[in-house]
Amino acid sequence: MLPNDIIVVDLSTESITRKKVPDLFEKFIGGVGVGIHLLDQYVPANVDPLNSDNALIFLRGGISTFFPIVSKTVALFRSPVTGDLGESYAGGRLSMALLLAGIGGIVILGKAKKTSYLIIEKDNVEVKRAGPLSYMYTSTIGRVLREAYPTGSGRRSIVRIGPAGENQVRYGSINVDSFRHFGRLGGGAVMGSKNLKALIVIGNDTLELNKYISDEKEYRSLYQKIWEDCVKTPVMRKYHVLGTPENILPLNYLKGLPTRNFRQSEFNYADQISGERFVQDYLSHRVSCNTCPVGCIHIASLREQYKDSPAGDSPADIHTISVAYDYELLYALGTNLELKNPMDILKLIELTEKQGVDSITMGLVLSWLAEAQEKGLITLDDTEGISLRFGELKGFMQAIKKICYRIGDKDARNLFWYAGEGLHALTKQYGGEDYAIMINKNPPAGYSTGPYTIVGHTIGARHSHLDNAGYSLDQKNLTKDIDAESAIMWLVNEEEWRNILNSLIICLFAKQIFTPSIVVDCLHQLKIPKSENELHEISLSIQKKKIEVKQKFGFSIEKIKYNLPNRFYEMPTSFGRIAPEKIQELIETYQYLVQSRYGITI
Amino acid sequence: MYKRLRIEHLERCIGCYQCSLACARVVERVISLDRSSIRVKTLGGYSSGSFAVVVCRGCIDPPCFPVCPIDGAIKPRKGGGVLINRKSCDASQCHQECVRECPIPGAIHVDSELNNAVVCRQCGTCVKHCPTGVLIMEEVGIKQGY
């Protein structure tokens, strides 16, 4: 078995222990399978997500780095956004660094007395003071820590939060190696609540293949097959060429591209911000996560002219910043805000990136603020004179800073303070629930494709499009009708299988490559014998545990079933308008299935 | 005709580590970055978009060879570069003269577990795993800038 020690760091006492959980790894492989059980063990039922009793857990996958594109790490915590399961994935170098630091994962407990960071190497784990690093942007702290630990160059991963996480913006994100993130569900706020600014993981270890691999020749041939599938077949071409923004034009064509706070599903200027346009006019270069030969991370050059130089304004006062763009960002901070100039969208992405805040949630908070101001629900007094209008960049830039800096406090709460709490807190204070786009308090990904994207987000354990690909079912279902039971079964099967992929942890972009039989072969090579049937049983068991953990933290699908925002029933979709009864019927079908499949009443 | 490794298009590097991992996996039969003969690092983080590929350039007259104080530990390879004899090489018996003499920092390095110098054998495994064509095997004798 691979080196799977779990490093348990209690920041309150600065105690560091190594824990062995071989049974969990044997049974659940790694990643989310092991992590969900650790989360259950370490976090009691009634803990405030931003209290020191919450845990922040990072787990690498069970076959990390041993095969191409098996590149991700999972973060688990009680979510300050939804109040229940926090589960988020990031690429970058982290999983490789964890493997080569000789560990399976990290459990962070307690709260440091002063702002701190962690250094993790094979035989050394230290809690270090980070006072001067407080409130640094994610980009700045990356540079400082790279300089502080030059010996780890090329072998380290730097995981950090920005001002938003430190200020407990509930949807603060965790930045990994500049361009990847544990973006969703507020991991950055949890990290900030622990006074933990950063982790540096340095992977210096060497693992002998003959110790871990059953047959080196077969292993190399399997590796080669997966490598070729990644590089030379059409399966991954989409991610290689246009990256995820390839979605813009097809979704726009299908009327599934959320626009203007989900009032429209088509964007008149889609051509201007399409993946094709970005590659043609703005792409600077591509980068890749460790072990991934695809290189889906598309980086644009944001070229800006600055003003008020002491030497007097000059056309040569130009600076250029690299900004990673993805479909979800172009939707949340682009179409959703009706911004049609790619440079404007890149400016918003860059700002959320350095503040360390989830761009999807921020986009939906901003679009709610704009609509609320348009409708007169909030005034210019509420926004301190900031005018938030669809299609206009300036107000959104100002609002993001106000939200992330958390101006106002418990005694003097203002609009932006509530905005930092999230959409749910905003609507409780000001109203406007009908157009607050969220599912279980979590703003969804960018698909207004039809009923299954809404239902998929609702029943998925982390309320993500990546739980079960409801948007994909919408697209498959456009040409044929499918009954409620088959649809729900499809979504549940998809989510269960993804539990296995998320225990390995492969990048889900490659899920077509990692078929059940390939997964069985990969595990066999790592001396983890599992049949497809056994994997199915494990996937069920992980899903059951997730539902139990959510229930332990108070999640109730009954509570949200009738409380989805009305906008979902007003917005045009690829299917036209969606009837509330249709969504409710599907969710009830799911509840029935959960009872019969897992023996749990939800 | 002998061939040696050449970094032909560094600007194409996407930082995927396939070269490093392939070298370790296929040549050294390990999963490691430390024991790989070819290393990738960012120059100023991923946001810079600039990577360095650190590897032996396969010198015809390798400066690391004559400075080695241990008999038989290192010998020039026909066609450029050097070969290390792992049985003779012992970093505890020298001052890592080979590492110090090479003007490319990191092109030859000492593996902390083996206590051996690790350096590229010019086998071309990494070339086959690079998805963007950064690396090529060139025929020895070409004096082209890079």
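Rules behind the numbers
Residues numbered from 1 in each chain as written. Chains lettered and ligands numbered in written order. Predicted model: local features only at pLDDT ≥ 70, side-chain atom pairs only at ≥ 80, totals over all residues. Heavy atoms only, no water. Contact = heavy atoms within 4.5 Å. Buried area = accessible area lost by both parts, 1.4 Å probe. Salt bridge = Lys/Arg side-chain N within 4 Å of Asp/Glu carboxyl O. Polar contact = N/O pair within 3.5 Å; in protein donor to acceptor, adjacent residues only side chain to side chain. Nonpolar A, V, L, I, M, F, W, Y, C, P; charged D, E, K, R; others polar. Pairing = 2+ DSSP bridges. Helix = DSSP H or I, 4+ residues; strand = E, 2+ residues; numbered from the N terminus. Domains from an automatic or database assignment. Buried < 20%, exposed > 50% of the residue type's maximum accessible area, 1.4 Å probe, protein only. Expected span 1.5 Å × (residues − 1). Arc of directions from axis to C-beta.

Asker: Give a detailed account of the interface of chain B and chain A, specifying residues and quantitative values.
Answerer: Listed by partner, the interface residues are 34 residues for chain B and 40 residues for chain A. The contact between chain B and chain A buries some 3,000 Å² in all, and 54% of this surface belongs to carbon and sulfur atoms. For the pair chain B and chain A, the interface holds three salt bridges. R29 of chain B is the salt-bridge partner of E216 of chain A, the closest N and O atoms lying 2.8 Å from each other. Remark: the boundary between chain B and chain A carries 18 residue pairs in polar contact (both at pLDDT 80 or more). Per-class residue counts for the side of chain B that touches chain A are 14 nonpolar, eleven polar and nine charged. In terms of strand pairing, strand 13 (residues 206-208) of chain A meets strand 2 (residues 30-32) of chain B through three bridges, oriented antiparallel. Bridging from a neighbouring strand, E208 of chain A pairs with V30 of chain B of strand 2 of chain B.

Asker: Can you break down the domain arrangement of chain B residue by residue, with the values?
Answerer: Residue and element names in this part refer to chain B. For chain B, the assigned domains are domain 1 (1-55 + 120-135) and domain 2 (58-119). Listed as interface residues are 14 residues of domain 1 and, on the opposing side, 20 residues of domain 2. Buried surface at the junction of domain 1 and domain 2, summed over both partners, amounts to about 1,400 Å²; 44% is from carbon and sulfur atoms. Taken as a group, Y2, R4 and R35 account for 35% of the area that domain 1 buries against domain 2, more than any other trio of residues on that side. For the pair domain 1 and domain 2, the number of links is three salt bridges. Across the pair R35 and E113 runs a salt bridge whose closest N-O atoms are separated by 3.5 Å. Where domain 1 packs against domain 2, one counts nine residue pairs in polar contact (both at pLDDT 80 or more). Among the residues making up the side of domain 1 that touches domain 2, the classes are represented as four nonpolar, three polar and seven charged.

Asker: An account of the pairing of strand 6 (residues 103-109) of chain A is needed here, citing residue identities and associated values.
Answerer: All names here are of chain A. Summarising burial for strand 6: seven of the seven residues are buried, a large majority. Sheet analysis places strand 3 (residues 56-60) next to strand 6, joined by four bridges and oriented antiparallel. Looking at the pairing, L56 lines up with I108 of strand 6.

Asker: Which residues make up helix 15 (residues 393-405) of chain A, and what are the values?
Answerer: Residue and element names in this part refer to chain A. The first and last C-alpha atoms of helix 15 sit 19 Å apart over 13 residues, in line with the 18 Å expected at 1.5 Å per residue. Looking only at helix 15, the buried set comprises L393, G395, F396, A399, I400, I403 and C404. All buried residues of helix 15 lie within an arc of 160 degrees about the axis, which places them on one face of the element. Looking at the buried positions of helix 15, the neighbouring elements they touch are helix 5 (163-166), helix 13 (342-355), helix 14 (359-374) and helix 16 (415-421). Backbone geometry just after helix 15 places R406 at a positive phi near 55 degrees.

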